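Spelled out from the first residue to the last, the chains are:
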Amino acid sequence: TKWVYNFGAGEAEGHAEIKDLLGNKGANLAEMASIGLPVPPGFTLTTEVCSHFEQTGSYPQDLKEQVQKALQILESRAGCKFGDSENPLLVSVRSGARARMPGMMDTVLNVGLNAKTVEALAEQSDDRRFAFDSYRRFIQMYADIVLGVDACHFEKMLQRAKQKRGVKQDHELQVEDLERLVRDYKTRVFVELGEEFPTDPQVQLWGAIGAVFKSWTNPRAKTYRELHDIPEEGGTAANVQAMVFGNMGHDSASGVAFTRNPSNGDNHFYGEFLLNAQGEDVVAGIRTPSELTMQARMAHGNNSPSLEEKMPKVFRELMAIRDQLEKHYKDVQDIEFTIQKGKLYMLQTRSGKRTTQAAIQIAVDMTNEGLITKQQAVMRLHPSQIDQLLHPTIAENAKKQIIAKGLPASPGAAIGKVVFCADEAVQRVSDGEKVILVRNETSPDDIHGLHAAEGVLTTRGGMTSHAAVVARSMGRPCVAGAGHLEIDEAAGKLKIGDLVLEKGDKLSIDGSTGEVLLGEVPTVLPKVTGAFRTLMSWADEYRTMQVRANAETKADAILAKDFGAEGIGLVRTEHMFFAGMRITAMRQMILASDTKDRKDALHRLLFMQREDITELFQIMDGQPVTIRLFDPPLHEFLPNTEAELSYVARAAGVPVERVRRRATELREFNPMLGHRGCRLAITYPEICEMQARAIFGAAAEAGRTSPSKKTPVAEVMVPLVATLEEFKIIKGIIDKTAAAVQKEENVNFTYRVGTMIELPRAALQAGKLAEEAEFFSFGTNDLTQTTYGLSRDDTGTFMSDYKAKGIMAQDPFVTLDEEGVGELIKVAMNRGLSTRPDMKMGICGEHGGDPTSIDFCQRTGLNYVSCSPYRVPIARLAAAQSAL
Ligand code: ADP
Ligand code: MG
Ligand code: MG
């Protein structure tokens, strides 16, 4: 087996397509090397070595030999020798899995240094300070990562050395300070471990490789995989690469960049660098970095010169590489580079993580630039990402008190209580509070807190700092590097000039502008505009299924229409009865002691319902509106407690005894399978008749008053049907009422009567039902409950066991169960269509907004999906993707 792949000197054994084997980093280093970019030479130990190591506890037999060969090739490419006391090669040993897990696993730099090689390095570079800076970094990193010595020991010693010297920054230390640090570090290692720090470069190399492979299973990497659904198997590759040095003085630097703005998608080169530093310093937020371009520097009011100004030649080279990478990968890249004495090296490239807003802008721009096609643009986003855009932003005319400003690192508004630590964020959120995590900077140990928080605010670090990158990937708003804030964590206080906020005080942040705002600021929902609108219109070109919304209020219907719904797929009429006055009328109807009382109450309900439905028809303007007849058991409208009983009795004007008796009468052992759905219309035909009157009255009125002269399309839907006989009786009432209304109002309107399929019996009897039913709508929430014999409201106690034991991969109430529920849908469709070949069918459960379930609907040939208004854009994109 080939365990090791070489790269460098304009060629490579691997390439970008074999990420599974070489990991993302290794595959892209190979690719960059082979397209001629300046990549320091190196080799990659494959992910298979990691798996072998994990399974057997040891390396493959022939690995040592392959590594030694690769090392020889590396030495000849780099022109120096590993461990040589005159011309030593130093290497980095870098982790890199298939899936991107930035910063989650370990990397060791400057491997190969010892008392001899450090002298050679000093001699060769003619810079003793640099050599010992590299050496102390190496001991610090190696001891922490490979030997497991607590990093805080070294932090403290470094702090003390700076104090002694009276300086603030690491790079201000003198060579004597560094030499002393190296000695002290080594002593500390001996004290902690009772063993000397390893001096043999071979031992160091294999120690680092082992640590990199082991870091696959470190706790924070595991948490990260859990949060991002990355499989546990797979492992990481290990990349051994010749070191280049960004800490070789003031013509050296390290930096990171995105080829375009990852926050809003602007086509501007976007990144940061630090002079005289090794790459880790940039991401760790040790010093605040400088901008790459002059334009960005001015926009952020940053005084330190940009790379463009400081090193114009290198900058131009970097710009050319930026173009080359985008043309080659046809996507935004996230790159790491180092400049050693004015010479540029590329250390990493990968597809850049971006916010949804940026993803859309970039996909549309790249299409217009001819880099990708429209179809590719539509396929670029995962539909669930769109959810981010449908979140609130700060209202434009909101009164706001800006107390600080940082960098706009991840867009959107977040409001919550100030907390300073990740654990507390998690604690408070599980108690039902909303929090903003405020920190100087974040580290991979904070990811659980970032996940829990509404948003993140940091005082240090730039747009590519850890907090910013993670917040963008999680869709959390983030303001980074708000330098005027001062955190006093011990006292639980946040100071901004004279203003002091306590832990738990409310704060708002605007990740689109970088503003930090006092208290709670009003927010608004975004609109589908600009590039988002363009991309959605492209999606609609390829989409073949219709997307409708589930809505009963005017506000929801308007939102749904704005978001591109092509009709309403489900109006839950009972929701119209729960609000305000209506519930009283509803209760009077249920409590009525004679037919006259009941008719009076129904009459009042009729007017309210007709008014509501008229509005829906008007908003949808000629698009179909599917109205479901009353569905829940009546007892849901009656109270339980004594206090409520007497309140209801008074409001309805009936004796409290009657309310109590009726509530007892209506109580059921298993209401979900009880007197509900069409069973109510069988027992109380007057309710059904009232609803039909309201619907057709509304259709007549909306038709008469329509400015566009479009005819309303009313689809009346009967819930929980099991037999054809039930459906026939109810359809009889509806047809009779429709004829009566048409005559009374002297107008025509289009209507259809159909049924929900939400019982297995209905699915099996679909052929018969289709003789009368003019459409089917699969109510997949109830159909899942009745197929599994599983109550949706009671899965909480055992669903996690089922997932853990692999019995259910997904919650069937979130993603449609294709094997069971899906099979019933297919049976029902086939049988329904054989009776009525032109029958329209759709689904209206929660599943209508779930991309995986939408894909099933497309494959099965449904005509439409209907989902909550907020999910309509998601469904449009998902439907387009499954059509492509
Ligand atoms: P991560 O996956 O956490 O980004 P990397 O393997 O990319 O870890 O290493 C972190 C940083 O170390 C890089 O950004 C780079 O600046 C520095 N680094 C890694 N390899 C080298 C090298 N061969 N020469 C110089 N710097 C390196
Ligand atoms: Mg990296
Ligand atoms: Mg139902």
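Since the model is a prediction, treat every value here as computed from it, not as a measurement.

So, about the overall build of the protein chain. What the protein chain contains, in helices and strands, is 35 helices and 34 strands. Counting only C-alpha atoms, the protein chain reaches 105 × 65 × 50 Å along its principal axes. Counting the 884 residues in the protein chain, one finds 50% classified as buried. Sequence separation of at least 24 residues holds for 67% of the intrachain contacts in the protein chain that already meet a minimum separation of 6.

Attention now moves to the environment of A211. Looking at the secondary structure, you find A211 in helix 8 (residues 201–214). For the pair A211 and L147, spaced 64 residues apart in sequence, the C-alpha separation works out to 8.7 Å. If sequence neighbours within four positions are ignored, A211 has contacts with D106, V108, I145 and V146.

Here the focus is the site of ligand 1. Residues in close proximity to ligand 1 total 19 residues, the closest being S92, R94, T107, Q241 and G279. Contributions of two or more residues to the shell around ligand 1 are made by strand 6 (91–97), strand 7 (107–111), strand 8 (236–242), strand 12 (333–340) and strand 13 (343–351). Considering only residue class, the shell around ligand 1 consists of seven nonpolar, nine polar and three charged.

Excluding glycine, residues mostly carry a negative phi; peptide bonds, for their part, are mostly trans. The phi torsion at N110 lies on the positive side, around 65 degrees, for a residue other than glycine. Overall, the presence of 27 C-beta atoms within 10 Å leaves N110 in the buried class. Of note, N276 is a non-glycine position whose phi angle comes to about 50 degrees, a positive value.

What follows concerns the environment of E636. As for its placement among the helices and strands, E636 is situated in the loop between strand 29 (624–628) and helix 24 (642–652). A residue is classified by how many C-beta atoms lie within 10 Å of it, and E636, with 11 of them, is exposed. Along the backbone, E636 and E486 are 150 residues apart, and their C-alpha atoms lie at a distance of 53 Å.

In this section: the sheet that holds strand 10 (residues 270–275). One open sheet accounts for five strands, arranged 11-10-9-12-13; its pairing is antiparallel. Since the sheet does not close on itself, it has two edges, and those belong to strand 11 (290–291) and strand 13, each with one partner. Each of strand 12 and strand 13 is contacted by helix 13 (residues 312–329), which is oriented at about 30 degrees to strand 13, the strand it contacts most.

This part covers helix 13. Side chains that are three or four residues apart share a direction in an α-helix, a result of its 3.6 residues per turn. The end-to-end C-alpha distance of helix 13 is 26 Å, a good match for the 26 Å that 18 residues give at a rise of 1.5 Å each. K330 occupies a position one or two residues after helix 13 and carries a positive phi of about 50 degrees.

Mapped onto this structure's residue numbering, the UniProt feature "domain: Pyruvate phosphate dikinase AMP/ATP-binding" (unreviewed entry) falls at residues 20–55 and 58–368. End C-alpha to end C-alpha, residues 20–55 measures 18 Å, and it is 67% helix and 11% strand.

To continue, consider the domain arrangement of the protein chain. Looking at the assigned domains, one finds that the protein chain contains domain 1 (253–354), domain 2 (392–524) and domain 3 (530–573 + 615–632 + 691–883). Centre-to-centre separation of domain 2 and domain 3, based on C-alpha positions: 41 Å.

To continue, consider the pairing of strand 10. Counted residue by residue, strand 10 has six buried out of six residues, so it is predominantly covered. Burial of strand 10 is two-sided: the residues Y270, E272 and L274 facing one way and the residues G271, F273 and L275 facing the other way are all buried. Looking at chain direction, strand 10 and strand 11 are connected through two bridges and run antiparallel. Residue pairing in the sheet places E272 in a bridge with E291 of strand 11.

Below, the discussion takes up helix 2 (residues 47–56). Within helix 2, burial applies to T47, V49, C50 and F53. Buried residues along helix 2 cover an arc of 155 degrees about the axis, so they all sit on one side. The exposed residues of helix 2 that point more than 90 degrees off its buried face are Q55 and T56. Tucked inside the fold, the buried residues of helix 2 contact helix 1 (19–34), strand 3 (42–45), helix 3 (63–78), helix 8 and strand 8.

Glancing now at the pairing of strand 19 (residues 455–458). What you see with strand 19 is no split at all: G455 and L457 on one side and V456 and T458 on the other are buried throughout. In terms of strand pairing, strand 18 (residues 435–439) meets strand 19 through four bridges, oriented parallel. In the strand pairing of strand 19, R439 is matched with T458. Of the crossover connections in this fold, the one passing from strand 18 over helix 17 (residues 447–452) to the parallel strand 19 is right-handed. Bridge count for strand 19 against strand 20 (residues 478–480) is two bridges, and the pairing is parallel. The residue of strand 20 that forms the bridge with V456 is C478.

Let us look at the sheet that holds strand 28 (residues 568–572). An order of 27-28-29-30-31-32-33-34 is seen for the eight strands of this closed barrel, with the pairing classed as parallel. Ignoring which end each strand starts from, the neighbouring axes of this sheet average 25 degrees apart. Both strand 32 (residues 775–778) and strand 33 (residues 840–843) contribute to a ladder of four bridges, which runs parallel. Opposite F778, over in strand 33, you have I843 as the bridge partner.

About the criteria used
Residues numbered from 1 in each chain as written. Chains lettered and ligands numbered in written order. Predicted model: local features only at pLDDT ≥ 70, side-chain atom pairs only at ≥ 80, totals over all residues. Helix = DSSP H or I, 4+ residues; strand = E, 2+ residues; numbered from the N terminus. Buried ≥ 20, exposed ≤ 12 C-beta atoms within 10 Å, placed from the backbone. Contact = placed C-beta atoms within 7 Å. Near = placed C-beta within 6 Å. Nonpolar A, V, L, I, M, F, W, Y, C, P; charged D, E, K, R; others polar. Pairing = 2+ DSSP bridges. Axes fitted to C-alpha atoms, helices over the stretch in contact; angles between N-to-C directions. Expected span 1.5 Å × (residues − 1). UniProt positions renumbered as here; feature names shortened; annotations may be inferred. Domains from an automatic or database assignment. Arc of directions from axis to C-beta. Right-handed = clockwise from strand over helix to strand, strands pointing away.

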